[in-house]
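Now for the letters of each chain:
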Amino acid sequence: MATVTQLHNIIEFPVSANLRAASHKGWSYLLSSSLAFNKSIDHAIRIQKPNEEMVPQWIRKLITSGQCSTIYVEDLSLPQHEQVLIKQLCDQYSVSLIGLSVNDKQTGAKASNVLQGPW
């Protein structure tokens, strides 16, 4: 599991994400209440995260739009039946769905916010 540092609620992706953006297949979306993409990331759109019960519907709409390559969701939590359906859609449309969680625990004297996810 790789970690991605986050300062001032801006996501700094690892080099692999920047390279993937260069070979642009589609858009990357971030559904979040407190995070944003770094301005240097191309083909990326941040959307204010809706109510928890609306998140699966929004994810399905983004996937089936045909314009999406990756969806990042802050604090992603899906009911089991939605997980199955969304996984099938991700496979069908070649979309990656990545859940992000903000970890604000302090380590030693150094305080930092770290985003972690299954990269």
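Placed above this text is the structure.
Residues numbered from 1 in each chain as written. Predicted model: local features only at pLDDT ≥ 70, side-chain atom pairs only at ≥ 80, totals over all residues. Heavy atoms only, no water.

Quick look at the overall build of the chain
Part 1 of the reasoning: When helices and strands are tallied, the chain shows three helices and eight strands.
Part 2 of the reasoning: Along its sequence from the N terminus, the chain presents helices and strands in the succession β-β-α-β-β-β-α-β-α-β-β.
Part 3 of the reasoning: Burial analysis of the chain (119 residues in total) assigns 34% to the buried set.
Part 4 of the reasoning: Across the chain, contacts joining residues at least 24 apart in sequence account for 56% of those joining residues at least 6 apart.
Part 5 of the reasoning: For the chain, the exposed surface amounts to about 7200 Å²; the carbon and sulfur share of it is 52%. (Helix = DSSP H or I, 4+ residues; strand = E, 2+ residues; numbered from the N terminus. Buried < 20%, exposed > 50% of the residue type's maximum accessible area, 1.4 Å probe, protein only. Contact = heavy atoms within 4.5 Å. Areas by Shrake-Rupley, 256 points an atom, 1.4 Å probe, with all protein chains shown as cover.)

Looking at the side chain of S28
Part 1 of the reasoning: Tracing the chain through its elements places S28 in strand β3 (residues 27-32).
Part 2 of the reasoning: Note on S28: relative accessible area 14%, which makes it buried.
Part 3 of the reasoning: Each residue touching S28, except ones within four places of it in the same chain, is listed here: F37, H43, A44, I45, S69, T70 and Y72.

Concerning helix α3 (residues 80-93)
Part 1 of the reasoning: Over its 14 residues, α3 runs 20 Å from end to end, which matches the ideal 20 Å to within 8%, given 1.5 Å per residue.
Part 2 of the reasoning: Among all positions in α3, only E82, I86, L89 and C90 are buried. The arc enclosing the buried residues of α3, seen along the axis, measures out at 100°, which places them on a common side. More than 90 degrees from the buried face of α3, the exposed residues found are Q80, H81, K87, D91 and Q92.
Part 3 of the reasoning: At the C-terminal side of α3, S94 shows a positive phi close to 55°. (Expected span 1.5 Å × (residues − 1). Arc of directions from axis to C-beta.)

Structural notes on the pattern of salt bridges
Part 1 of the reasoning: For the structure on display, the rule yields three salt bridges.
Part 2 of the reasoning: Here K49 ties to E52 by a salt bridge, and the two come within 3.0 Å at their closest N and O atoms.
Part 3 of the reasoning: E52 sits in the partly exposed class, given a relative accessible area of 40%.
Part 4 of the reasoning: Across the pair D91 and K87 runs a salt bridge, and its minimum N-O distance is 3.2 Å. With D91 and K87 both in helix α3, this residue pair falls four residues apart, about one helical turn. (Salt bridge = Lys/Arg side-chain N within 4 Å of Asp/Glu carboxyl O.)

Digging into the packing of aromatic side chains
Two descriptors summarise a pair of aromatic rings, namely the distance from one centre to the other and the angle between the planes of the rings.
Part 1 of the reasoning: Inspection of every chain in the model, using the stated rule, returns one aromatic pair.
Part 2 of the reasoning: Look at F37 and Y72: their rings are 6.0 Å apart centre to centre, the planes differ by 80°, and that puts the pair in the edge-to-face class. Of this pair, F37 sits in strand β4 (residues 36-37) while Y72 sits in strand β6 (residues 68-74), and the two are 35 residues apart along the sequence. Across this residue pair, the class does not change: F37 and Y72 are buried. (Phe/Tyr/Trp six-rings, centres within 6.5 Å; stacked < 30°, edge-to-face > 60°.)

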